[in-house]
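Residue-level structure breakdown
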Amino acid sequence: MHPLLRKAIRERFGKLNRLQQDSFREVSAGKSVLIIAPTGSGKTEAAVLPVFNEILEEGLKPISALYIAPLKALNRDLLERLEWWGRKLEITVEVRHGDTSAYRKAKQTKNPPQMLIITPETLGVILTVKSLRKHLSNVKFVIVDEIAELVDNKRGSQLLLNLERLAEIADFRRIGMTATVGNEKEVRDWLRAEAIVKPNWRKAYRFHVLYPKPKEEDRELAEKLSVSPEIASRLRVLWEIVERHGKALIFTNTRQFAEVLAHRLKAWGKPVEVHHGSLSKEARVRAEKALKEGKIKALICTSSMELGIDIGDVDVVIQYMSPRQVNRLVQRVGRAKHRIGEVSEGYVIATNVEDYLQSLVIAKRALEGRFEAVEPIGGLDVLAHFVVGLLIEYRKLPRERPYEIAKRAYVYRDLSWEDYLDVLSVLEDARLVGYDEESNLLYLRRGAFQYYYENLSTIPDEISWRVFNAKSGHVIGRLDESFVMDLEEGMEFVMNGRSWIVLKIDDESRLLKVRESKSLESAIPSWEGEMIPVPFGVAFDVGRLRRELAFDFRKALDLLEGVEFSEEELRRAFEEIRDEPFPTDRDIVVESTPKALIIHADFGSRANEAIGRIVHSLLILRYGRVFSVRSQGHAIVFKTPFQLNPEEVKRYLYQEPESVEFIVSRALRDSHAYRWRMLNVAKRFGALRRDARIRRIERLFEGTVIERETLNELYHDKVDVRKTELVMELLKAGSLRVKTVLRKEPSTLARLNMTVSGEFLLSGVLERDELIELFRKRLLEHEVVLVCTNCGWHSKTKVARLQNIKLRQCPRCGSKMLAVAHPIDAEEFFEVLEKVRHGKPLERKEERAYRKLLKASDLVDTYGFEAVLALASYGTGPDTAARLLAQYKGDALILALMERERQFIRTRRFWVDRKEKEYTENRSAS
């Protein structure tokens, strides 16, 4: 070990732990390795220290190492740690991604660092920068962080192909890091690593699963917070845990409920803050700092806090509602007492009987180490982008060369020559690539550069849809496209605490025409698109637990050995469903009511989605399009205009296993989800422009490779054909029975699945008011600069202080030209104002900065304090503010600003700096 590194290790933490020693030995022996370890075990140092040692020992040239991380894992704590090591070892460490300034990027090109931290998308950019390629040829190590975040999606397949492009010019070793996964060897093969390094100890966890019952004292709290006694009891239990343990992380499964829960606790006077991906970076940093410094006792968060952000020691983790997956529970609870040798303690607070049984099963599977596998996916659309990228690098290549390189990547190892030729055919038709038969060479065509840089991210641009109330003739809000893609005409959804039925989906205008349905039954909440799918194994084990509870309670207790729970609560939970129909691992129940039919089936989200599509398509054949269907982890819910015969639906469940894929594929082709996916696949292929809107896209690409890739994506993400075939085999063999029941009123489980998570909907309009009030309060706390665009007078202040003063006049010059601006925009304006005063001409960028604040001052003059609120919200510039202010007022404006902020943060996360694109394209062309 190099003396500088030895000295830095002593200063940082004395000595290497066993995991770090094993990693050091394997990497130093010249191997590519996969490091698998829980949060807090020192994975980052295990990966980077042997790399730093070799840089020092061998005097490696820059760029010696690439550190690749999904953007959300690229947190401040990680950067600070890597930069600390860099300073101590005199090794340059820098970051490059979409938000890095053009100046910094140019500097990196002239004087590259020894370690460059990038995102997967950035690798696709820098491979095409001619002036960087000579430095990339020096790369000896590629470190990939949070591999589990990449393996099961197309960002990962794109990364693998780009690593093979890098391997054409550099000889490097691969080092991967991940938390525990259920298919370690496959993840190792995915990375092309030679060894797995794991800790020689097993992380200890203690899981408590609670199903609180209201007490008399909860009624007062329920009245104070305008919630039910059941919700009040859960809030009481939650806060008792916080008080008993100290500093806490409280996880929820959706951003919207994180906001609601935080608001309810704040209304109760509890010191909490909220933390999720739709908040601005500044808001997240403030919340993290408040917890770290002890100013608050708990942080209410979503998956944004799963990836090791430094918030100091956490004493306990509370999961509100089932975590739905073992991996999620372990990752989250691992944040508590995460040092080696400590026991991480976590509580799950369940909200209903199904939630409770699922949470018990997940906790048990976690104790047994039965983690979910992450499923790799390839993608022929990603392959198309790879081919164009290679041609940007080399201009001309033999036709078989991209095929040979691609097959080295794990997810393309079985790529057929026929599929490859189909991909080339699409690229040729799109006039992005040409082929010269005489020379057998592929070459670039005009448009290839624009296509390549527009498709650096495999994540679809999230576009919001307007929701139009056909009765009032007004737009009542917006929905994310990822949620809309699961809607069909006739389905119901919940938005703003009210239920709406879809009358028409207008793809061309991205407009949903709706009317209020006055019923929350069978309506999908607008946040359900965020929900984590329930795996087949978890759902099936819940069925087994239900069966044992019915026939042998003591044996059921044995199934849960090691999990901390109350036997009394378990008995009480099962009593709720004992006398009603319920599914098990051996029984499917078809329950028919006058307004709905429910198939109770413990097969998880994706298998139930496939079964739901099969039954729905057969019902349509007989009765027409009068049904809507929604699938969940333990049930499939059909809204029906009349009471169906459950025996008829039972017959539909008995399908030949070999026919499942054909029926599902036909059913999917008729869905909005299919059209939305195909649109994005076609864009990634280059067959459509990024701004294209095609009404009947399924007809345009029928029978093509684009259709095949659309189904491939849906099979991976939404429907599990293989597990559905297994269900059909079990039915055929008699290992699964189907029971049918006719009821006038839905059973307990049916009601739970018909009204998803009543927790969110009980207070309907109040929930909307809570969110509006919470967002308004956050806006009032924003810091802005009040600027006179006439004389330059300015004052930094909080928005709240501008509520009760007249915004009409500058205190220095008396002008009415007062604007509200972000501090950075204000600084730019002051520089430009000086030039204007001296009559100097303005550059294009300066003119934009000047006009921006002039427009802001017009808005403040016209709309007063509502303009201040609009201009203070994250991602809303004067142009957007003008449009929103003209369209909305009062609470409607706040709702519109909320949607705008969410949309801005979500789409901004994966942007690549446009200047970099232009710069790279120009460099490549020269």
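Scroll up for the structure.
All of the points below concern the structure found in this document. Predicted, not measured: the structure shown is a model, and the values here were computed from it.

**Observations regarding the overall build of the protein chain**
If you tally the helices and strands in the protein chain, you get 40 helices and 30 strands. Contacts spanning at least 24 positions in sequence make up 73% of the contacts within the protein chain whose residues lie at least 6 apart. Carbon and sulfur atoms form 46% of the exposed surface of the protein chain, whose accessible area is close to 37,900 Å².

**Let's talk about helix H30 (residues 705-717)**
Its 13 residues place the ends of H30 18 Å apart at the C-alpha level, agreeing with the 18 Å of an ideal helix rising 1.5 Å per residue. Among the 13 residues that make up H30, 10 are buried, leaving the element largely enclosed by the rest of the structure. Of the positions making up H30, those classed as buried are Val705, Ile706, Glu707, Glu709, Thr710, Leu711, Glu713, Leu714, Tyr715 and His716. N-capping of H30 is provided by Thr704, with a side-chain oxygen placed 3.2 Å from the backbone N of Ile706.

**Examining helix H1 (residues 3-13)**
Of all the positions in H1, only Leu5, Ala8 and Ile9 are classed as buried. One side of H1 holds all its buried residues, which, seen down the axis, span an arc of 105°. For H1, the exposed residues lying more than 90 degrees away from the buried face are Pro3, Lys7 and Arg10. Looking one or two residues past H1, Gly14 carries a phi angle of roughly 85°, positive in sign.

**Points about the nonpolar core**
By size, the foremost hydrophobic cluster in this structure holds 115 residues, and its most contacted members are Leu66, Leu383 and Ile599. Looking at this core, the element that brings in the most residues is helix H17 (residues 380-394), giving 10 residues. When residues no more than four places from it in sequence are discounted, the contact partners of Ile599 are Ile588, Val589, Val590, Val615, His634, Ala635, Ile636, Phe638, Val649 and Leu653. The next biggest cluster of nonpolar side chains, apart from the first, holds 48 residues, and it includes Val317, Tyr356, Ile362 and Phe574.

**Here we look at the pattern of salt bridges**
Summed over all chains, the structure comprises 62 salt bridges. In this structure, Glu393 and Arg165 form a salt bridge, with 2.5 Å as the shortest nitrogen-oxygen distance. One end of the pair, Glu393, is in helix H17; the other, Arg165, is in helix H9 (residues 154-167), with 228 residues separating them in the sequence. Both residues of the pair, Glu393 and Arg165, belong to the buried class. The partner of Arg236 in a salt bridge is Glu240, with the nearest N and O atoms 3.3 Å apart. With Arg236 and Glu240 both in helix H12 (residues 229-245) and 4 residues apart, the pair spans about one turn of that helix. Exposure remark for Arg236: the relative accessible area of 7% places this residue in the buried category. Overall, the relative accessible area of 37% leaves Glu240 in the partly exposed class. It is possible to trace a salt-bridge network through shared partners that takes in Lys154, Asp381, Arg677, Arg684, Glu709, Glu713 and Asp717.

**Examining the pairing of strand E30 (residues 818-821)**
The two faces of E30 match: Leu818 and Val820 on one face and Ala819 and Ala821 on the other face are all buried. Sheet analysis places strand E28 (residues 783-788) next to E30, joined by 4 bridges and oriented antiparallel. Within E30, the position partnered with Val787 by the bridge is Ala819.

How each quantity is defined
Residues numbered from 1 in each chain as written. Predicted model: local features only at pLDDT ≥ 70, side-chain atom pairs only at ≥ 80, totals over all residues. Heavy atoms only, no water. Helix = DSSP H or I, 4+ residues; strand = E, 2+ residues; numbered from the N terminus. Contact = heavy atoms within 4.5 Å. Areas by Shrake-Rupley, 256 points an atom, 1.4 Å probe, with all protein chains shown as cover. Expected span 1.5 Å × (residues − 1). Buried < 20%, exposed > 50% of the residue type's maximum accessible area, 1.4 Å probe, protein only. Polar contact = N/O pair within 3.5 Å; in protein donor to acceptor, adjacent residues only side chain to side chain. Arc of directions from axis to C-beta. Core = buried A, V, L, I, M, F, W, Y, C linked by side-chain atoms within 4.5 Å. Salt bridge = Lys/Arg side-chain N within 4 Å of Asp/Glu carboxyl O. Pairing = 2+ DSSP bridges.

Nothing here speaks to function; it is all geometry.
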